[in-house]
Each structure stands twice: as C-alpha cells, then as structure tokens.
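Residue-level structure breakdown
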Amino acid sequence: MGQQNSQIPKNMKILMVCLGNICRSPLAEGIMQHKINEQGLKWEVDSAGTGSWHVGELPDRRSIAIGRKYGVDITYQRARQFKPHDLENFDLVLAMDSSNYQDIIRHAVSKEQAEKVHLIMNFVSPGRNEAVPDPYWDDDGFEQVFRMLDEACDRIIEHYEVRV
Ligand code: 4NP
C-alpha cells in the first residue's frame, strides 16, 4: 500500500466483506474490534457478505471456536448482506478474495467509492492480490484464516493510525 493517507478520518469506519458473512469476515470484524478496544482507537468496524444465504445467522461455530481460542468473541454478530450504500457509509471496504472484490466494486458509482475497496491481504503483501481462503468446506482452514486476518489487522492499524 502507499503512504499513510491523511484523508482517512480519525473515526475511520471499516467494513469487512466475504461471501457468506459467517466464516471469514466475522473473524475479521472481531479481530479488528478486539484491537480497536485494546488500543483505544476511535474506529468502527462491521462486516457483511455478498450473498444472502446466511442473513440473520450467528457466525459459523468453527469461526466462533477459533476466535474463542484466541480471546476474540464474535457471538454478538449476525450475518447481513452487503448493500451498495455501504460504499457511501464506510471509509474502507475490505474484501477477503477477488470474487468478493469484484462483487463489491461493480457497485461503485464514483472513483472515490472505488478507491475505498481493497483486498485485505494487500495490506500484508502489497500488490500480490492474495486471497483469504474460504474455509467453509475445510475444518482445518480456520487456524490459517485467523492468523492471516490477525496480521492483516495489525498492518491496517499501522498503515492508517492517526497519531495525535
Ligand atoms: P465465508 O464462507 O464467505 O467466509 O462466510 C462461506 C460461508 C458460506 C458459504 C460459502 C462461504 N456458502 O456457500 O453457504
């Protein structure tokens, strides 16, 4: 990613987006919320899925379990679907994979909205367009997903944190 962006407000609003909003993006939201609380940042974080299948549901039990293992509670979350207005409401919209990215960016109605959308792992490996792998069909994938998202959230905070 480029230089720290001074346009980013102190009270930045971040939306984490995956396909179902039950596995990856709830963990991304929970991990970021945990760091926001720990570090006393005035940031807000939410999550959504591009699909509607799981709207209203709790996160997947395997995401709840891996979060709990590392002290991150995500049981307050309920799945919701991404809506185009989220591109207006949030400052940063972070996709887990390129399919999510494409599904989000096609709703952008301005350059400003399009520039809010990023692949989350590009904060770790700039320009590599790496995906957070969908763990839905792979019970063993959750540990890796947690580690990837934990590192990405640290890098995002380093990148944007406005020190006053
Ligand atoms: P997520 O995982 O996008 O990380 O929440 C998935 C959850 C559900 C489905 C696919 C991916 N699904 O096909 O129902």
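Residues numbered from 1 in each chain as written. Predicted model: local features only at pLDDT ≥ 70, side-chain atom pairs only at ≥ 80, totals over all residues. Heavy atoms only, no water.

1. Side note on the confidence of the model for the protein chain
Considering every residue of the protein chain, the mean pLDDT works out to 93; 93% of them sit at 70 or more. Every residue in residues 2–6 scores below 50 in pLDDT, and together they form eight contacts with partners more than four places removed in sequence or on other chains. (pLDDT = per-residue confidence, 0-100. Contact = heavy atoms within 4.5 Å.)

2. Section: the side chain of glutamine 77
The residue glutamine 77 is located in the loop between α2 (61–69) and α3 (86–89) in this model. In terms of polar contacts, glutamine 77 uses its side chain to reach the backbone carbonyl oxygen of proline 26, at 3.1 Å. Ignoring sequence-local partners within four residues, the contact set of glutamine 77 consists of Pro26, Glu29, Gly30, Ser47, Glu57, Leu58 and Pro59. (Helix = DSSP H or I, 4+ residues; strand = E, 2+ residues; numbered from the N terminus. Polar contact = N/O pair within 3.5 Å; in protein donor to acceptor, adjacent residues only side chain to side chain.)

3. So, the pattern of salt bridges
The full count for this structure, using the stated rule, is 14 salt bridges. A salt bridge links aspartate 154 to lysine 35; its shortest N-O distance comes to 3.0 Å. Of the two residues, aspartate 154 is situated in helix α6 (residues 141–160) and lysine 35 in helix α1 (residues 24–39); the sequence distance between them amounts to 119 residues. The class for lysine 35 is buried, based on a relative accessible area of 9%. Between arginine 155 and glutamate 151 there is a salt bridge, with the nearest N and O atoms lying 3.2 Å from each other. (Salt bridge = Lys/Arg side-chain N within 4 Å of Asp/Glu carboxyl O. Buried < 20%, exposed > 50% of the residue type's maximum accessible area, 1.4 Å probe, protein only.)

4. Digging into the site of the ligand
Residues in close proximity to the ligand include Cys18, Leu19, Gly20, Asn21, Ile22, Cys23, Arg24, His54, Asp134 and Tyr136, which together make up its full environment. One of the backbone nitrogen or oxygen atoms of leucine 19 is found 2.9 Å away from an oxygen atom of the ligand. Interatomic distance of 3.0 Å between a backbone N/O atom of isoleucine 22 and an oxygen atom of the ligand. For the ligand, whose free accessible area comes to 350 Å², the fraction covered by protein is 90%. Tallied by class, residues from the shell around the ligand come to five nonpolar, three polar and two charged. (Near = heavy atom within 4 Å. Areas by Shrake-Rupley, 256 points an atom, 1.4 Å probe, with all protein chains shown as cover. Nonpolar A, V, L, I, M, F, W, Y, C, P; charged D, E, K, R; others polar.)

5. Some details on the sheet that holds strand β2 (residues 44–49)
What the four strands build is an open sheet, ordered β2-β1-β3-β4; its pairing is parallel. Looking along the sheet, the strands with just one partner apiece sit at the ends: β2 and β4 (117–119). Between one strand and the next, the sheet's axes are offset by a mean angle of 25°, whatever the strand orientation. Of the strand pairs in this sheet, strand β3 (residues 92–95) and β4 are connected by three bridges, and their pairing is parallel. Pairing of alanine 95 across the sheet is with leucine 119, part of β4. The strands touched by α1 are β1 (13–18) and β2; relative to β2, the strand with the most contacts, the crossing angle is about 175°. Its contacts with the sheet put helix α4 (residues 98–105) on β1, β3 and β4, and the angle it makes with β4 is roughly 175°. (Pairing = 2+ DSSP bridges. Axes fitted to C-alpha atoms, helices over the stretch in contact; angles between N-to-C directions.)

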